[in-house]
Amino acid sequence: MAAQPCVTDLTRAAACRDGAAASHLKFISIFVIFFTSMAGMSSPVLLARVFQGKSLYDRAIAVIKCFAAGVILSTSLVHVLPDAYAALADCHVASRHPWRDFPFAGLVTLVGAILALFVDLVATSHVAHAPYAPVVTQEKESGVELGCHGGGGGGEAERGVEEEMVRLKQRLVSQVLEIGIIFHSVIIGVTMGMSQNVCTIRPLVLALAFHQIFEGMGLGGCVAQAGFSFGTMAYMCFMFSVTTPMGIMLGMALFSLTGYDDSSPNALIMEGLLGSVSSGILIYMALVDLIAVDFFHNKLMNSNPGLKKASFVALILGSAGMSILALWA
């Protein structure tokens, strides 16, 4: 009697495995996910450009960025990290040495967070020294002496340096964040591309479309604040939009060449490790470079209690919206 559920599950799994139908669904998903990803990431970027130069611009950017932080934090803790733990806890992996002896998902997540911190420290150290030379040169050419008693000119120069450092920092955050999200998108795409289970792929297409919209809005909100040129923003939007479709095609190619399914031990180990690294990067970026910076070091938000409340609500909405999607993807 105990074996009956197992037999039933095997029968159901066999009925769901249809290579031709799965390939058809995956080709459809490539176009659906590309366009929804593009719409998700470009919408906050375009919205920011509409508000640019208006009195609401800074406040709109702050709210969008907090919504983005909620989406990214939920992505890391509700989507990426549980999937990484599940992949490495699968019986085909957990029965092997050394995977059964140590919680590698947690360790690699820690490594991802420390790696993000290291990149942040190195880049911040470089940014802290880079802007000074051109500013001093420009002031000297204008006949203004910079020093301890430089007066108004020195104050303006210091403000210019500070603004430039903040802008460079925001660009760094956006770029590192996109790297972490791209890891996650590749994993999603490869896993889906290797799957031959029609019953899994069919609901996953719609769920991933909404997933990419929310994740794209999160990344787009950070890119909008960083002040990139239009060409750079377009390139970053394209790279985010094309990553998951490319992952699907790569997964299909891997299955065709090797016969590996998404349930093979090697595929599960790779999924678990890459997902853990991605989760660590996203957790660090969401908490340290987005939430902490905005709520504790943003002068506009600290001087405007109403804006802080609206930003907190946006953070909750972003987290809740992305978390609800975990019911399907």
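The structure displayed is predicted, hence computed values, not measured ones.

## Re the environment of Ala 116
- Position of Ala 116 among the secondary structure elements: in helix α5 (residues 104-129).
- Here the alpha-carbon distance between Ala 116 and Val 277, two residues 161 residues apart in the chain, equals 9.6 Å.
- Those residues in contact with Ala 116 that sit more than four places away from it in its chain are Ile 281 and Tyr 284.

## Focus on the layout of surface pockets
- In this structure, the largest pocket occupies an estimated 1100 Å³ of space.
- Considering the residues around the largest pocket, the lining is formed by 30 residues, among which Val 166, Arg 167, Gln 170, Gln 225 and Asn 298 are closest to the centre.
- Contributing elements (two or more residues each) for the lining of the largest pocket: α2 (19-51), α3 (57-89), α7 (151-194), α8 (198-226), α10 (265-297) and α11 (299-302).
- Considering each element in turn, the lining of the largest pocket owes the most residues, 8 residues, to α7.
- Looking at the lining of the largest pocket, its residues break down into 13 nonpolar, 6 polar and 11 charged.

## Regarding the UniProt feature "transmembrane region" (unreviewed entry) in the chain
- When the UniProt feature table is mapped onto this chain numbering, "transmembrane region" (unreviewed entry) sits at residues 27-48, 60-82, 102-123, 172-192, 204-223, 235-257, 277-297 and 309-328.
- In this annotation, residues 204-223 is assigned 100% helix and 0% strand; the end-to-end C-alpha distance for the span is 27 Å.
- When the span residues 277-297 is considered, its composition is 100% helix and 0% strand, and the gap between its end C-alpha atoms is 27 Å.

## Considering the nonpolar core
- Among the nonpolar cores identified, the biggest contains 40 residues, and Met 41, Ile 72, Leu 177, Leu 219, Val 223, Met 285 and Leu 290 are the most heavily contacted of them.
- If you list the elements that add at least two residues to this core, you get α2, α3, α7, α8, α9 (230-258), α10 and α12 (305-324).
- Considering every element that reaches this core, the biggest residue donor is α3, with 9 residues.
- Look past the residues within four positions of Ile 72 in its chain and what remains in contact with it is Leu 177, Gly 218, Cys 222, Leu 282, Ala 286 and Leu 290.
- Membership of the second largest hydrophobic core comes to 13 residues, among which are Leu 25, Ile 33, Val 205 and Leu 208.

## Comments concerning the packing of α2 against α3
- Across the interface, α2 lies against α3 with an axial gap of 9 Å and an inter-helix angle of 165°. Comparing the axis directions of α2 and α3 gives the class roughly antiparallel. Taken as a pair, α2 and α3 cross one another with a handedness that is right-handed. Across from Pro 44, Leu 47, Ala 48 and Phe 51 in α2, the residues of α3 making contact are Tyr 57, Ala 60, Ile 61 and Ile 64.

## Re α12
- With 20 residues, α12 extends 29 Å from end C-alpha to end C-alpha; this agrees with the ideal 28 Å at 1.5 Å per step.
- Of the positions making up α12, those classed as buried are Leu 307, Ser 311, Ala 314, Leu 315, Gly 318, Ser 319, Gly 321 and Met 322. For α12, the arc enclosing every buried residue in end-on projection is 165°, short of the 170-degree limit, so these residues lie on one face. With respect to the buried face of α12, the exposed residues turned more than 90 degrees away are Pro 305, Lys 309 and Leu 317.

## Considerations on α10
- For α10, built from 33 residues, the straight-helix expectation of 48 Å at 1.5 Å per residue is met to within 8% by its first-to-last C-alpha distance of 45 Å.
- At Ile 291, α10 shows its largest kink, close to 35°.

Reading guide: rules and limits
- Residues numbered from 1 in each chain as written.
- Predicted model: local features only at pLDDT ≥ 70, side-chain atom pairs only at ≥ 80, totals over all residues.
- Heavy atoms only, no water.
- Helix = DSSP H or I, 4+ residues; strand = E, 2+ residues; numbered from the N terminus.
- Contact = heavy atoms within 4.5 Å.
- 1 Å grid on protein atoms, 1.4 Å probe; cavity = no way out; pocket = protein on both sides within 12 Å on 5 of 7 lines; lining within 4 Å.
- Points joined across faces, edges and corners; volume = space filled by probe spheres on them.
- Nonpolar A, V, L, I, M, F, W, Y, C, P; charged D, E, K, R; others polar.
- UniProt positions renumbered as here; feature names shortened; annotations may be inferred.
- Core = buried A, V, L, I, M, F, W, Y, C linked by side-chain atoms within 4.5 Å.
- Buried < 20%, exposed > 50% of the residue type's maximum accessible area, 1.4 Å probe, protein only.
- Axes fitted to C-alpha atoms, helices over the stretch in contact; angles between N-to-C directions.
- Parallel < 35°, antiparallel > 145°, perpendicular 65-115°, else oblique.
- Left-handed = near helix turned anticlockwise from the far one by under 90°.
- Expected span 1.5 Å × (residues − 1).
- Arc of directions from axis to C-beta.
- Bend = angle between axes of the 7 residues up to and from the residue.

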